[in-house]
Amino acid sequence: MVSFRRKKKDESKKESAKSSSAAPASDKAPSSKGSPSKPPTLDDIPELLETMLNSKGEKSAAATKRIYELCDVGHKQNRVPMVCSGKYDVLTPLAKCLTQESGDGRHLACLALNNLSIPTENKRVMALGPASKAVIGGLCKVIAEDKQESYLCCICLMNLSFLEASITTILQHSPSPSGKEKAPLDNPASLIRVLEKLLSNSPAAPKTSSGKSEGVRWACGLIKNLAKSEENAAVIGKTDIPKCVIENIRASTAPPSRWTSNSLEDFSLFVILNLAQWPGSREALMKAGAVDVVKPIMAEGDLQGLKATMACAFLDAPWSSFPDGGNPAAKSVSELMTNIVEKKGKDGQYAYGVFKLYTATKAYADLAKSASKADGTEGDANTKVLAVPSAVALNFQIISDLVLSAMDDAEGGSKYVPDAMSAEHAVTAIEAMLPAILQAGEPPRKSAQSEKACGEISQMLLTYADISGTSPQAKTSARAAAEKIKESASSARPILEISHDLWTQYRKREGQPLDQFVSNDKGVEVDESGPLDFLPCASSDGGCVIA
């Protein structure tokens, strides 16, 4: 998220030569003649809003400037009260200022709205509250008219889109003069079409830090967030935006190792990654040649390499496309899965929350399917790269944690409750890796540990298959995997044994019941008196009857 401050006078002449992702060059708040020297306070807001609404020219701009000063970088504590206290409606007047044809007022309103859009509490009010239509509409109008503040409006919308509950509302913005509902893709004035036009009309090599390049850059940052939902991705996939972001990568002259956070290339690769994981937009990327453009980036490693690896996995790249026999891909994606479950990031690369677990687990599942396809029906050389015990155990953990969260009577729990999609991807990965997971020990031998592991894991998968809401495809995969694992109990399975042990250690640490998935299919014990532990006694004379 980006905050803005007013620059000192002696800095203003240098701004055109500077480029910063945190504060673009034209963020200097314009001066207003006759502005009072006394700093504004929250108590001044009603009078300032009155002036903004009922005055024009310099007087209105001066009032807008005072509103901006109340929420600038030196007054962060005012931002939430200004929007959420219920005492003022600063959003409607600021949105109205966005419609001004010229003057300082529009620029100042953009700066103020950007700063107000940063606190999490404010995002919901600004994107989903009573003034949301005016705010989103005003920002969209400035972008559509290609004003010099377009990039500021893209940044503001990007800030709001960090609230995931808002991304559908933002993307679906589709104003109509007649008031009739118009589908975004059928409306040239809709936000999605406005963003598409901005990216499509961008020059092949816009001047760095120019208004046009900054607008395209922050528009890609906004689209990155909007593409996180499947519904939005399907809409974006029907535009030229996938082609545009691929071209941004193709046209880059900087090596991926030099791409900075929030750069055009960084945002564009994120857009490709987010669109690639959804069926409704994946095809558009494949038709535009995304794999050929993204594939070389995998060798870079680090964050950009990780993003490229997951994108290529989603786009059905063959196993031979992944460098070094797929080892870096397997390691980086399994590490990402672990970090997400443990609620941590990776120093110098990504923070916790940047990637979703369902993205990481889908990438791992797609890698497993690609490796399995390369192995054919008999081999396991490629799936072995992925089927390391720690990664296999993590997939067991994700599935079992979802099972426990779905069972009302289950004891214990996890600090991270996975979503249904993540568990489904974990099941897919397990099924694809089974030839490697179930590789027999040498020499062949019986193992009580393997027998126990096969029993518990197959029972866990069968329990997962019976959970309400599990998709038919996931049910089929889970039952097929359970059957194969159960059939393998007669011989030692070293990888399965170690994976089961790691999974058991995790459950002990979390205080989860260790008998939750113990199979009861051992038959009924009897002695000369009859069945033992069959039914509780229902009479006081010691005779058992069926109650």
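Notes on the structure follow. (Residues numbered from 1 in each chain as written. Predicted model: local features only at pLDDT ≥ 70, side-chain atom pairs only at ≥ 80, totals over all residues. Heavy atoms only, no water.)

## Considerations on the packing of helix α7 (residues 132-144) against helix α8 (residues 150-161)
Between α7 and α8, the shortest axis-to-axis distance is 8 Å and the interhelical angle comes to 145°. Taken as a pair, α7 and α8 cross one another with a handedness that is left-handed. Together, Ile-136, Leu-139, Val-142 and Ile-143 of α7 and Ser-150, Cys-153, Cys-154, Cys-156 and Leu-157 of α8 make up the contact between the two elements. Considering only residue class, the contact of α7 with α8 consists of eight nonpolar, one polar and no charged. (Axes fitted to C-alpha atoms, helices over the stretch in contact; angles between N-to-C directions. Helix = DSSP H or I, 4+ residues; strand = E, 2+ residues; numbered from the N terminus. Left-handed = near helix turned anticlockwise from the far one by under 90°. Contact = heavy atoms within 4.5 Å. Nonpolar A, V, L, I, M, F, W, Y, C, P; charged D, E, K, R; others polar.)

## Digging into the state of the cysteines
Per the counting criterion, the structure on display carries zero disulfides. Unpaired in terms of disulfides, Cys-154 finds its nearest cysteine sulfur in Cys-153, a separation of 7.1 Å. Assessed through its relative accessible area of 0%, Cys-154 is described here as buried. (Disulfide = S-S within 2.5 Å. Buried < 20%, exposed > 50% of the residue type's maximum accessible area, 1.4 Å probe, protein only.)

## Some thoughts on the packing of aromatic side chains
By the definition in use, this model includes seven aromatic pairs. A centroid spacing of 5.9 Å and a plane angle of 50° characterise the contact between Trp-278 and Tyr-358, whose relative ring orientation is tilted. Taken together, the residues span a long stretch of sequence, with Trp-278 in the loop between α14 (264-276) and α15 (279-287) and Tyr-358 in helix α19 (residues 357-375) at a distance of 80 residues. One exposure class covers both Trp-278 and Tyr-358, and it is buried. Aromatic side chains Tyr-350 and Phe-355 sit 5.5 Å apart centroid to centroid with 85° between the ring planes, which places their arrangement in the edge-to-face category. The pair Tyr-350 / Phe-355 is uniform in exposure class, with both members buried. Grouping aromatic residues by their ring pairs yields a cluster made of Phe-270, Tyr-350 and Phe-355. A cation over a ring is seen here: Lys-224 above Phe-270, with NZ or CZ 5.4 Å from the ring centre. Sitting over the ring of Phe-270, Lys-307 keeps its end group 3.9 Å from the ring centre. (Phe/Tyr/Trp six-rings, centres within 6.5 Å; stacked < 30°, edge-to-face > 60°. Lys NZ or Arg CZ within 6 Å of the ring centre and 35° of its normal.)

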